[in-house]
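Here are the chains, one letter per residue:
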Amino acid sequence: MSSIPRHVAVIMDGNGRWAQQRGLPRLAGHEQGSKSIRQCVEACMEAGVEFLTLYAFSSENWKRPALEVNGLMLLLEKFLNEKKEEMLREGVRLRAIGRLDDLPKACRVKLDEVRDATAHNTRLNVILALSYSGRVEILDAIQSVVAEAAAGTLGPGDITPELISSHLYTAGIPDPDLLIRTSGEMRISNFLLWQLSYTEIHVTKKLWPDFGKADFLEALQDFSSRQRRYGGV
Ligand code: IPE
Ligand code: IPE
Ligand code: MG
């Protein structure tokens with residue numbers, strides 16, 4: 001493949017529709033969807049992608065019925081429990097972005113545990129976006145910039161795009177080169193608003209639980225055919 005994206009971000013959408021089509025509860029779709037993650041991680045390791053950011057739960061998703069929200073939180077805990085050893089073995093570093101304090105204590109504790117245990121791994125960075133909102137991320141960055149300005153350590157001229165980037169949850173992580181959205185929706189849904197400014201977008205009609213390694217590799221193939229101009233000629 002001619003060019004491999006360093007960073008792929010994924011909006012894992014369509015779990016509910018997958019379940020609905022089979023007459024199953026929405027949670028069955030989420031459960032099946034969590035299996036697609038393994039497929040994408042494998043594809044990233046084979047292709048040499050360095051960062052994989054997965055939109056797992058948005059700030060807006062708290063609006064869903066309690067049964068679904070609680071089920072998703074339990075699924076997250078189960079996922080972390082089951083995958084910890086595998087991540088350690090395979091050199092995966094796990095991180096999370098979002099308002100992590102909103103998560104139930106048990107998830108938060110588990111997340112910290114797996115993050116710390118895998119912190120030295122370098123083969124692939126998997127970043128989970130949890131209770132994540134792109135607008136809130138920008139607000140949080142502005143608040144910390146303003147706090148520094150008020151303390152006198154920053155002047156107006158110091159506020160550059162690089163400075164803003166360094167105050168985001170994704171500080172130190174390169175912007176995504178490729179964004180994949182499953183289930184056909186043509187929108188960003190409050191994901192990585194600052195970071196996606198020049199990201200290539202690949203939308204597939206496949207629902208997330210049906211999205212496998214071959215689909216991920218197809219998205220990489222699509223990416224390699226793009227001509228990125230960044231406003232130039
Ligand atoms: C994505 O699938 C998973 C989360 C948002 C947590 P959805 O649950 O949004 O599935 P659809 O869009 O209803 O099919
Ligand atoms: C985006 O999917 C959030 C995640 C995949 C976690 P949604 O299903 O919540 O987005 P909308 O409501 O279709 O925009
Ligand atoms: Mg959806």
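Up top is the structure.
The text that follows walks through the structure, step by step, so that each part is easy to find. (Residues numbered from 1 in each chain as written. Chains lettered and ligands numbered in written order. Predicted model: local features only at pLDDT ≥ 70, side-chain atom pairs only at ≥ 80, totals over all residues. Heavy atoms only, no water.)

Overview of the site of ligand 1
Move 1: Around ligand 1 sit 13 residues in total, of which Asp 13, Gly 16, Arg 17, Arg 26 and Arg 64 are the nearest.
Move 2: A distance of 2.8 Å separates an oxygen atom of ligand 1 from a polar side-chain atom of Asp 13.
Move 3: Taking Arg 17, its side chain carries an N or O atom lying 2.8 Å from an oxygen atom of ligand 1.
Move 4: Protein coverage of the free-state accessible area of ligand 1, which is 370 Å², stands at 86%.
Move 5: Among the detected pockets, ligand 1 sits in the largest pocket.
Move 6: Each residue belonging to the shell around ligand 1 can be placed in one class, and the counts come to three nonpolar, five polar and five charged. (Near = heavy atom within 4 Å. Polar contact = N/O pair within 3.5 Å; in protein donor to acceptor, adjacent residues only side chain to side chain. Areas by Shrake-Rupley, 256 points an atom, 1.4 Å probe, with all protein chains shown as cover. 1 Å grid on protein atoms, 1.4 Å probe; cavity = no way out; pocket = protein on both sides within 12 Å on 5 of 7 lines; lining within 4 Å. Sits in = over half its atoms within 2 Å of the grid points. Nonpolar A, V, L, I, M, F, W, Y, C, P; charged D, E, K, R; others polar.)

Re the site of ligand 2
Move 1: Every residue close to ligand 2 is listed here: Ile 11, Met 12, Asp 13, Tyr 55, Ala 56, Phe 57, Ser 58, Asn 61, Arg 64, Arg 181, Arg 187 and Ser 189.
Move 2: With respect to ligand 2, the side chain of Arg 64 contributes an N or O atom lying 3.3 Å from an oxygen atom.
Move 3: Arg 181 is positioned with one of its side-chain polar atoms (N or O) 3.5 Å from an oxygen atom of ligand 2.
Move 4: Isolated, ligand 2 exposes 390 Å² of accessible area, and the fraction of that covered by the protein chains is 78%.
Move 5: Its atoms largely coinciding with the cavity grid, ligand 2 occupies the largest pocket.
Move 6: Residues belonging to the shell around ligand 2 are distributed by class as follows: five nonpolar, three polar and four charged.

Some points on the nonpolar core
Move 1: In this structure, Val 8, Val 10, Leu 52, Leu 128 and Phe 216 are the most contacted members of the largest nonpolar core, which totals 39 residues.
Move 2: Element by element, the count of residues in this core is highest for helix H3 (residues 66-90), at seven residues.
Move 3: Listed in part, the 13 residues of the second largest apolar core include Ile 11, Tyr 55, Ile 173 and Leu 196. (Core = buried A, V, L, I, M, F, W, Y, C linked by side-chain atoms within 4.5 Å. Buried < 20%, exposed > 50% of the residue type's maximum accessible area, 1.4 Å probe, protein only. Helix = DSSP H or I, 4+ residues; strand = E, 2+ residues; numbered from the N terminus.)

Quick word on the packing of H3 against helix H4 (residues 105-117)
Move 1: Running from N to C, H3 and H4 cross one another at 15°; their axes reach a closest spacing of 10 Å. Considering the angle they form, H3 stands roughly parallel to H4. Relative to H4, the crossing made by H3 is left-handed. Contact residues: H3 offers Met 73, Leu 76, Glu 77, Leu 80, Asn 81, Lys 84, Met 87 and Leu 88, while H4 offers Ala 106, Cys 107, Lys 110, Leu 111, Glu 113, Val 114 and Ala 117. (Axes fitted to C-alpha atoms, helices over the stretch in contact; angles between N-to-C directions. Parallel < 35°, antiparallel > 145°, perpendicular 65-115°, else oblique. Left-handed = near helix turned anticlockwise from the far one by under 90°. Contact = heavy atoms within 4.5 Å.)

Looking at the sheet that holds strand E1 (residues 7-11)
Move 1: Ordered in space as E3-E4-E2-E1-E5-E6, the six strands form an open sheet in which the pairing is parallel. Here the strands that pair on one side only, and so sit at the sheet edges, are strand E3 (92-97) and strand E6 (200-203). Averaged over all adjacent pairs, the angle separating strand axes in this sheet is 20°, with direction ignored.
Move 2: Pairing geometry for E1 and strand E2 (residues 51-58), over five bridges, is parallel. Across the sheet, Val 8 pairs through a bridge with Leu 52, a residue of E2.
Move 3: Packed onto the sheet, H3 meets E2, E3 and strand E4 (124-132) and runs at close to 150° relative to E3. (Pairing = 2+ DSSP bridges.)

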